Amino acid sequence: MKRKLLVIGLLLLFGAVRMGFEEQLTQEHRGAFFRNAKLDLDLRQRLGQMGFLAALSGFRSIVADVLWIQAHSAWERTEWGRMALLFDTVTSLQPRAVLFWDMAAWHMAYNASVAALQDESQPREALRVRRQREYFKLGEDFLLRGIQNNPDRALLYDRLGMLYSDKFKEPCKAFEAYERASQLPNAPGYARRFAALQLSLCPGHEREAYERIVSLFKEGERERMPTLLTRLKELQEKLGVPPEERIYSPPPDRP
């Protein structure tokens, strides 16, 4: 008991010493979209007394790393519910760590959703599909909350676009996510191309998408990926572009 009280006292002493430093960091973090970890009763219940005091005393990153390891172990044991709770706690402690949001969303929307669909203990396919959809939504929620805390980072918009495209089959939403990613300075090189391709699948936007794809095509070989060329050919035919105005004609099939 004395040892426990000593540890608590040291943690509180350390927290008191660094209060001035933390106040300065708070002002900087606000300017960088940082939303401080909510050290509330809910987080207190999830972390336990010692973990909560550690987080309160300035050890958020250490506590988050320990919980991240536990979440990885939960993934190995396919304990999806526990894994989701741990990821939620980790991201609450370190909201500016983009990796945590990214991996949490991936495990939910891809790994856990596949396991739910293949769960042989549930004989009804409709329930398995519904459970799979719930994991899609959990993945989406992690990405949306991650974006709220990191609106200046393209990675999470990129991952959100991939999720809407791969899992939800919603090209209009995928376009919006890729478009936002492409506007940020740290955007991946394919973001504009993916945005144009998703827009081409969004009903009523074929002409706008065609103009974007043509513009990308004119930029040179780097943008002339097979998917873009295939979609360009399809749009030329769908929009009835006259043969003499078409900028791309696929080579004839070899006999």
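The structure reproduced in this document is the subject of the present report.

Conventions we followed
- Chains are numbered independently. Their residues run from 1 in the order of the written sequence.
- Owing to the predicted nature of the model, reporting of local features is limited to residues with pLDDT of at least 70; listing and counting of side-chain atom pairs is limited to 80 or more, with chain, interface and lining totals taken over all residues.
- Only hydrogens and water are set aside; all other atoms, that is, all heavy atoms of the structure, feed into the side-chain values.
- The helix and strand labels rest on DSSP assignments: H or I over at least four residues marks a helix, E over at least two residues marks a strand, and numbering proceeds from the N terminus.
- Helix span, expected: 1.5 Å multiplied by one less than the number of residues in the helix.
- Exposure is judged per residue with a 1.4 Å probe applied to protein chains only, and the accessible area is read against the type maximum: over 50% gives exposed, under 20% gives buried, and values in between give partly exposed.
- Taking the helix axis as origin, the arc is that swept by the directions to the C-beta atoms.
- When checking whether two residues touch, look at their non-hydrogen atoms; a contact exists if any pair is within 4.5 Å.
- Think of a 1 Å grid over just the protein atoms. A cavity is a set of points where a 1.4 Å probe fits yet cannot get out, a pocket is an open set with protein on both sides within 12 Å along at least five of seven lines, and lining residues have an atom within 4 Å of a point.
- Grid points are joined across faces, edges and corners, and a volume is the space filled by probe spheres set on the points.
- Note on residue categories: nonpolar means Ala, Val, Leu, Ile, Met, Phe, Trp, Tyr, Cys or Pro, charged means Asp, Glu, Lys or Arg, and polar means any other residue, Gly included.
- The definition of a polar contact used here is a pair of N or O atoms within 3.5 Å, where within protein one atom must be able to donate a hydrogen and the other to accept one, and adjacent residues in sequence count solely through side-chain atom pairs.
- By nonpolar core is meant a set of buried Ala, Val, Leu, Ile, Met, Phe, Trp, Tyr and Cys residues that side-chain atoms within 4.5 Å join together.
- Each reported salt bridge corresponds to a side-chain nitrogen of Lys or Arg within 4 Å of a carboxyl oxygen of Asp or Glu.

1. Here's the deal with helix α11 (residues 206–218)
Part 1: Between its first and last C-alpha, α11 extends 18 Å over 13 residues, near the 18 Å set by a 1.5 Å rise per residue.
Part 2: Along α11, the residues that are buried comprise Glu206, Ala209, Tyr210, Ile213, Val214, Leu216 and Phe217. The arc that holds every buried residue of α11, seen down its axis, measures 160°, which confines them to one face.
Part 3: Here the buried face of α11 lies against α10 (191–200) and α12 (226–238).
Part 4: Looking one or two places after α11, you find glycine 220, whose phi comes out positive at around 125°.

2. What to know about empty space enclosed by the protein
Part 1: Evaluation of the coordinates by the stated rule reveals 1 cavity of 30 Å³ or more.
Part 2: Computed from the structure, the largest cavity encloses a volume of approximately 60 Å³.
Part 3: Taken together, Asp102, Ala105, Trp106, Ala109, Tyr110, Leu143, Arg159, Met162 and Leu163 form the lining of the largest cavity.
Part 4: Counting residues per element, the ones that place at least two in the lining of the largest cavity are α6 (98–117) and α8 (154–168).
Part 5: The biggest single contributor to the lining of the largest cavity is α6, with 5 residues.
Part 6: Partitioning the lining of the largest cavity into residue classes produces 7 nonpolar, no polar and 2 charged.

3. Structural notes on the side chain of glutamine 198
Part 1: The residue glutamine 198 is located in helix α10 in this model.
Part 2: When its relative accessible area of 11% is taken as the criterion, glutamine 198 is described as buried.
Part 3: Side chain to side chain, glutamine 198 and serine 165 meet in a polar contact 3.1 Å long.

4. Thoughts on the environment of methionine 83
Part 1: Relative to the helices and strands, methionine 83 is located in helix α5 (residues 80–93).
Part 2: Judged by its relative accessible area of 0%, methionine 83 falls in the buried class.
Part 3: Here the alpha-carbon distance between methionine 83 and leucine 67, two residues 16 residues apart in the chain, equals 9.7 Å.
Part 4: Leave out the neighbours within four places in its chain, and methionine 83 touches Ala71, Ala74, Trp75, His107 and Met108.

5. Description of the nonpolar core
Part 1: The biggest cluster of nonpolar side chains holds 39 residues, and the ones touching the most others in it are Phe87, Met108 and Phe142.
Part 2: Those elements giving two or more residues to this core turn out to be α4 (60–76), α5, α6, α7 (125–149), α8 and α9 (171–182).
Part 3: With 13 residues, the next largest nonpolar core counts Ile213, Leu229, Leu232 and Leu235 among its residues.

6. Considerations on the pattern of salt bridges
Part 1: Counting across every chain of the model gives 19 salt bridges.
Part 2: Here arginine 145 makes a salt bridge to aspartate 88, at a shortest N to O gap of 2.9 Å. Linking arginine 145 in helix α7 with aspartate 88 in helix α5, this pair joins segments that are 57 residues apart in sequence.
Part 3: On the basis of relative accessible area, aspartate 88 is assigned to the partly exposed category, the value being 22%.
Part 4: A salt bridge links arginine 145 to aspartate 141, with the shortest nitrogen-to-oxygen separation between them at 2.9 Å. On the criterion of helical spacing, the pair formed by arginine 145 and aspartate 141 is a turn pair, its members being 4 residues apart in helix α7.
Part 5: Using a relative accessible area of 22% as the deciding quantity, one classes arginine 145 as partly exposed.
Part 6: A relative accessible area of 35% places aspartate 141 in the partly exposed class.
Part 7: Among the ionic contacts, a cluster of salt bridges with common partners joins Arg192, Arg193, Glu219 and Glu223.

7. A short note on unusual backbone geometry
Part 1: Residues other than glycine seldom take positive phi values, yet threonine 78 does so here, at roughly 55°.
Part 2: Within the secondary structure, threonine 78 is located in the loop between α4 and α5.
Part 3: With relative accessibility at 47%, the residue threonine 78 sits in the partly exposed group.
Part 4: The backbone of lysine 169 shows a phi angle near 55°, a positive value even though the residue is not glycine.
Part 5: Position of lysine 169 relative to the elements: it lies in the loop between α8 and α9.

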